[in-house]
Amino acid sequence: MSRVALLRQASRLEHLRAEVRAIAAGKKDPVAALPFGLDALDERLAGGGLASAGVHEAAGASAGYNDDAAATLFLAGIAGRRAGSKGQVLWVVTRRDLFAPGLAQAGLPPDRLLIAEAGRDADVLAVMEEGLRHGALTAVVGEIGRAGLTETRRLQLAAEEGSTMALLLRRWRKDDPLAEASSALTRWRIGSAPSAPLPHPGIGRARWQVELARQRGGPGFSLNLEACDAQGRLALPALSADRPDQAERDQIRRAA
């Protein structure tokens, strides 16, 4: 190869490197993580939180309405914290059953929410891809029945392109929705749990059994947690030292 040809090749390579640097400088950090703000969760997550430009899935622990609602509010809390006070969240629904006051109590107020309706899984996925690639949204939530490796991989690429979080609410149909293979970075199974009894008549803060069924780069785990508050934050259940059953367990632990 002549000297002139080598110089031309070097010039083209440098030009390509400059383009890559310019693209990287103009995009938001694709590896940033959104922590839960709860050590019991964040310390168990491979990235210290949820990848902000990635796909994350959640499904109810069962096909029951309570568990489906728990999974919905779990994702609403994540989307609300990701949006903060200025971001916008696109939620693609397959049926008109979103309850705005409930979402607000989980940290996702109406002024942060855009809703699109789609009838089929393919339509939900198409709308999600467009929203993720747009780049102006902080999160895109989609309600889906079936989405395999190919579909979730496409969502992951779109999330990286737009630096936007993708949240899939896996709806029960016949079988466990998390049994299907997926490219999601984390896969969660959320179930309702009994809330703590109050010293007076009333209903205490809801509790969930939160299971991380799979995560890329780390093991799964399961925790009993208090449900999202109005800021989208989960919490560890408070232990009541003056409850007789708790005091008895504490004595047994100390004796052991």
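Numbering of residues begins from 1 in every chain and follows the order in which that chain's sequence is written. The predicted nature of this model means local features are confined to residues of pLDDT at least 70 and side-chain atom pairs, given and counted, to a pLDDT of 80 or more, with totals for whole chains, interfaces and linings taken over all residues. Working from all heavy atoms in the structure, the side-chain values ignore hydrogens and water.

Undergrad: Sorry if this is basic, but what is going on with helix H5 (residues 121-134) here?
TA: Along an α-helix, residues three or four positions apart point the same way, because every turn accommodates 3.6 residues. Only DSSP runs of H or I reaching four residues or more are called helices, and only runs of E reaching two or more are called strands; each is numbered from the N terminus. In this scheme, a helix's expected span is set at 1.5 Å multiplied by one less than its residue total. With 14 residues, H5 ought to run about 20 Å at 1.5 Å a step, and its terminal C-alpha atoms sit 20 Å apart, in line with that. Summary of the burial criterion: residues with accessible area below 20% of their type's maximum are buried, those above 50% are exposed, and those between are partly exposed, where the area comes from a 1.4 Å probe applied to protein chains only. Within H5, the full set of buried residues consists of Asp121, Val124, Leu125, Met128, Glu129, Gly131 and Leu132. Between two residues, a contact is recorded if the distance between any of their heavy atoms is within 4.5 Å. Looking at the buried residues of H5, the elements they touch are strand E4 (89-93), strand E6 (139-144), helix H6 (149-162) and strand E7 (165-170). One or two positions beyond H5, positive phi appears at Gly135, with a value near 90 degrees.

Undergrad: What is the right way to look at the sheet that holds strand E5 (residues 113-117) in this model?
TA: Hydrogen bonding along the main chain pairs the strands of a sheet, whether they run parallel or antiparallel. By this definition, two strands are paired if DSSP reports at least two bridges between them. Spatial ordering of the open sheet is given by E5-E4-E6-E7-E3-E8-E9-E10, a layout of 8 strands whose pairing is mixed. Two strands lie at the open edges of the sheet, namely E5 and strand E10 (221-226), each paired on one side alone. Taking each pair of neighbouring strands and ignoring which way they run, the sheet shows an average axis angle of 20 degrees. Summarising the sheet, strand E8 (residues 186-193) and strand E9 (residues 207-215) pair through 8 bridges and their orientation is antiparallel. Among the inter-strand pairings, Thr186 is bridged to a residue of E9, identified as Gln215. Docked against the sheet, H5 engages E4, E5, E6 and E7, running at close to 175 degrees with respect to E6. Think of each axis as a best-fit line through the C-alpha atoms, taken over the contacting stretch in the case of a helix, with angles from 0 to 180 degrees between the N-to-C directions.

Undergrad: I keep staring at the pattern of salt bridges and nothing clicks. Help me out?
TA: A side chain with one charge can pair with a side chain of the opposite charge if their charged atoms come near. By definition, a salt bridge exists where a carboxyl oxygen of Asp or Glu is found within 4 Å of a side-chain nitrogen of Lys or Arg. Inspection of the entire model under this criterion finds 19 salt bridges. Between Arg133 and Glu161 there is a salt bridge, with its nearest N and O atoms 3.0 Å apart. Remark: Glu161 occurs in helix H6 and Arg133 occurs in helix H5; sequence separation between them is 28 residues. Residue class for Glu161 comes out partly exposed when judged on its relative accessible area of 43%. As a salt-bridge pair, Asp229 and Arg233 come within 3.1 Å of each other at their nearest N and O atoms. Each of the salt bridges in this network shares a partner with another, and the network as a whole consists of Glu57, Arg146, Arg170, Glu180 and Arg187.

Undergrad: Explanation requested: H6 in the structure shown.
TA: With 14 residues, H6 extends 20 Å between its outermost C-alpha atoms, agreeing within 8% with the 20 Å of an ideal straight helix rising 1.5 Å per residue. Listed as buried for H6 are Thr152, Leu155, Gln156, Ala158, Ala159 and Gly162. Taken around the axis of H6, the buried residues stretch over an arc of 165 degrees, which confines them to a single face. Ser163 sits one or two positions beyond H6 and adopts a positive phi of about 50 degrees. The arc in question is traced by the directions running from the helix axis to the C-beta atoms.

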